[in-house]
Amino acid sequence: MISSERKIIEILKILSEQKEPVGAKFIADQLKKRGIYLTEPTVRYYLRILDERGLTKNYGLRGRVITEKGLKEIEKGDIADRIGYSISRVHECVFYSNFDVESGEGKVVANLAIFPREYLDEVLDMFYRCWRKGLTFSDKVIVDENIPFIEENEVGMYYISSFTLDAVLYRNGIVSLPRFAGSIEISNFNFVRFTQVIGLEESSITALDLFIQRMYSDKDEESISNLLERGEGEVYGMYREIPFVAREKTIEILEKLKEYGISPLHVIGELDKSVCGIPPRGVNKVGLVCVGPSTPVGILRALKVPIRVHISSEIIEFSKFKSLESYLEVKSYE
């Protein structure tokens, strides 16, 4: 029997995937696809509970939206549900994302950063500086001040998740397996080695939560400057594996993605050889290490910017994104 808490978490997950309010009928239909059969009245009963807990917001006939408290509840739900949740969410995102590297059209996976509006220029500036050095995934963002669950003085910024790469590879017949995420030592903007990792399949906490805070909590402005200007320090990144036969095709895709402002620092290993200290699992595999999109978040936190992030928050049409340059007056960083 499925517990009430599990049903509540699944309802919250469905709401977290919607940008607009949805009603009980929609939620009941989505629950059926997940093997949970609840009537509309029962769903409405659970929604009232969620309203009382402050996990959802009621918009009357339009339906409900999840609150930020609700998003946090998903992340700290029952331990059995949280184990492997990150990788399960990746699989869902890969399925729904359909960005095409030939046409430049389709949906991509996006993270959501939330921060006080007064820090907008500083956040955009840091993401731009990191992008120019390959220390984040893309230069494409969406600044959104109309997210239902953010505070009145806050703004949200969607930025492209590295799981978009897995979706693009999948669309091109390449099965990539994200295995680990963690902190990577770099020197002169070249990967050296992973210093700490967490496995995605059995984790009950997101790697971002675990590493971003640790990596930059003790960093001063000099160490941040060394990272941004000389490529000396640590970045957040992910290790994934692909079949050796798909190595050249993957290189072509990564090169093609540059046309769309997606150009993260990365390295692809050789057949059955370790990459950044991690050997591939099984045979005829190669490792692919790619910088994560959230390194700027860690740097901003070190600079005392109150920024928080929801990973793989939305699946969004790529055409809605704008370049960082279009949001700010470009400065010289040479």
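In this text, all values refer to a predicted model and were calculated from it rather than measured experimentally. Position numbers for residues start from 1 in each chain and track the written sequence from start to end. Totals for whole chains, interfaces and linings use every residue, but because this is a predicted model, local features are given only for residues with pLDDT of at least 70 and side-chain atom pairs only at 80 or more, for both listing and counting. Just so you know, side-chain values use all the structure's heavy atoms and leave hydrogens and water out.

A. Examining helix α11 (residues 247-257) more closely. Only protein chains enter the accessibility calculation, which uses a 1.4 Å probe. A residue is then buried if its area is under 20% of the maximum for its type, exposed if over 50%, and partly exposed in between. Every helix listed is a DSSP run of H or I at least four residues long, and every strand listed is a run of E at least two residues long, numbered separately from the N terminus. Listed in full, the buried residues belonging to α11 are Arg 247, Thr 250, Ile 253, Leu 254 and Leu 257. The buried residues of α11 all sit within an arc of 120 degrees when viewed along its axis, so they share a single face. By definition in these notes, contact holds between two residues if any of their heavy atoms fall within 4.5 Å. The inward-facing, buried residues of α11 abut α8 (163-171), β8 (233-243), β9 (266-268) and β10 (285-291). Directions drawn from the helix axis to the C-beta atoms are what define this arc.

B. The packing of α8 against α11, seen in detail. Axis separation between α8 and α11 bottoms out at 11 Å; the angle between their running directions is 125 degrees. In this view, α8 runs oblique relative to α11, as classed from their interaxial angle. As for how α8 packs across α11, the hand of that crossing is right-handed. Touching Leu 165, Val 168 and Leu 169 of α8 are Thr 250, Ile 253, Leu 254 and Leu 257, all from α11. Residues are grouped as follows: Ala, Val, Leu, Ile, Met, Phe, Trp, Tyr, Cys and Pro are nonpolar; Asp, Glu, Lys and Arg are charged; all remaining types, including Gly, are polar. When grouped by side-chain class, the residues that make up the contact of α8 with α11 number six nonpolar, one polar and no charged. Angles run from 0 to 180 degrees between N-to-C directions of axes, and those axes are lines fitted to C-alpha atoms, restricted for helices to the stretch in contact. Should an angle lie under 35 degrees it is considered roughly parallel, over 145 roughly antiparallel, and from 65 to 115 roughly perpendicular; all remaining angles are considered oblique. A crossing counts as left-handed when the near helix is turned anticlockwise from the far one by less than a right angle, and as right-handed when that turn is clockwise.

C. Quick peek at the sheet that holds β10. Pairing between two strands is assigned when DSSP locates at least 2 bridges connecting them. Spatially, β7-β6-β8-β10-β9 is the arrangement adopted by the five strands of the open sheet, whose pairing is antiparallel. The sheet is open, and its two edges are formed by β7 (190-199) and β9, each paired on a single side. Averaged over all pairs of adjacent strands, the angle between their axes in this sheet comes to 30 degrees, without regard to strand direction. For strand β6 (residues 177-187) and β7, the ladder comprises eight bridges, and the chain directions are antiparallel. For Glu 185, the partnering residue across the bridge sits in β7 and is Arg 193. Contacting β8, β9 and β10, α11 crosses the sheet at an angle of about 160 degrees to β9.

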